[in-house]
Amino acid sequence: MRKYNQITIHERYQIQASLKAGFMEPQIANELERSKSTIYRVTKRNNGQRGYRPNQADETVLARRLSL
C-alpha cells in the first residue's frame, strides 16, 4: 500500500505559478512528480473566482482535517 503525502504549501505556490504561466495540469503533475489526477483534484477543489489561491487552499485543507 502506498503512503499518501499531502500537497505542501510550497507545491501549492508552484501550482499557482505554473497555472499563471499557462501550463496544463499534466505538465504540472510531471514537474512536481505527482499524479495528474491529484493536480486536477487540487485545482478543481480550490479554484475560486480569482483562480487558484494557495493560501486559501492550505487553510481549507487544515479546516477539513480539523473537522474530522
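Cut-offs and rules
By convention here, each chain's residues receive numbers from 1 onward along its written sequence. Confidence filtering applies because this is a predicted model: local features only for residues at pLDDT of at least 70, side-chain atom pairs given and counted only at 80 or more, and all residues used for totals across whole chains, interfaces and linings. To get the side-chain values, take all heavy atoms of the structure and skip hydrogens and water. Only the stretch in contact is used when a helix axis is fitted, and all axes are lines through C-alpha atoms; the angle between N-to-C directions ranges over 0 to 180 degrees. Counting from the N terminus, the helices are the DSSP runs of H or I reaching at least four residues and the strands are the DSSP runs of E reaching at least two. By definition, turning the near helix anticlockwise from the far helix through less than a right angle yields a left-handed crossing, and turning it clockwise yields a right-handed one. The contact criterion used is simple: two residues touch if any of their non-hydrogen atoms lie within 4.5 Å. When residues are grouped by polarity, Ala, Val, Leu, Ile, Met, Phe, Trp, Tyr, Cys and Pro land in nonpolar, Asp, Glu, Lys and Arg in charged, and all others, Gly among them, in polar. Definition used for salt bridges: Asp or Glu carboxyl oxygen within 4 Å of a side-chain nitrogen of Lys or Arg. Accessible area is worked out with a 1.4 Å probe on protein chains only. A residue is then buried under 20% of its type maximum, exposed over 50%, and partly exposed in between.

Undergrad: Can you tell me about the packing of helix α2 (residues 25-32) against helix α3 (residues 36-45), naming the residues and giving the values?
TA: Running from N to C, α2 and α3 point in directions that differ by 115°, and their axes come no closer than 8 Å. Classified by chirality, the crossing of α3 by α2 is right-handed. Note on element contacts: α3 touches α2 through K36, I39, Y40 and T43, opposite E25, P26, I28, A29 and L32. Across the contact of α2 with α3, the residue classes tally to 6 nonpolar, 1 polar and 2 charged.

Undergrad: Quick one: what's the story with the pattern of salt bridges, residue by residue and with numbers?
TA: Pairing is possible between side chains that carry opposite charge, provided their charged atoms lie close to one another. Taken as a whole, this structure holds 2 salt bridges when the rule is applied. For E11, the salt bridge identified is with R34, shortest N-O distance 2.9 Å. Placement of E11 in helix α1 (residues 9-20) and of R34 in the loop between α2 and α3 is noted, with a sequence separation of 23 residues between them. According to the relative accessible area criterion, E11 is buried, its value standing at 12%. Notably, a salt bridge pairs D58 with R12, separated by 3.4 Å at the nearest N-O pair. Taken as a pair, D58 in helix α4 (residues 54-67) and R12 in helix α1 lie far apart in primary sequence, 46 residues in all. Residue D58 is classed as partly exposed on the basis of its relative accessible area, which comes to 22%. Looking at R12, the relative accessible area reads 2%, which means it is buried.

In short, shape yes, function no, at least from these values alone.
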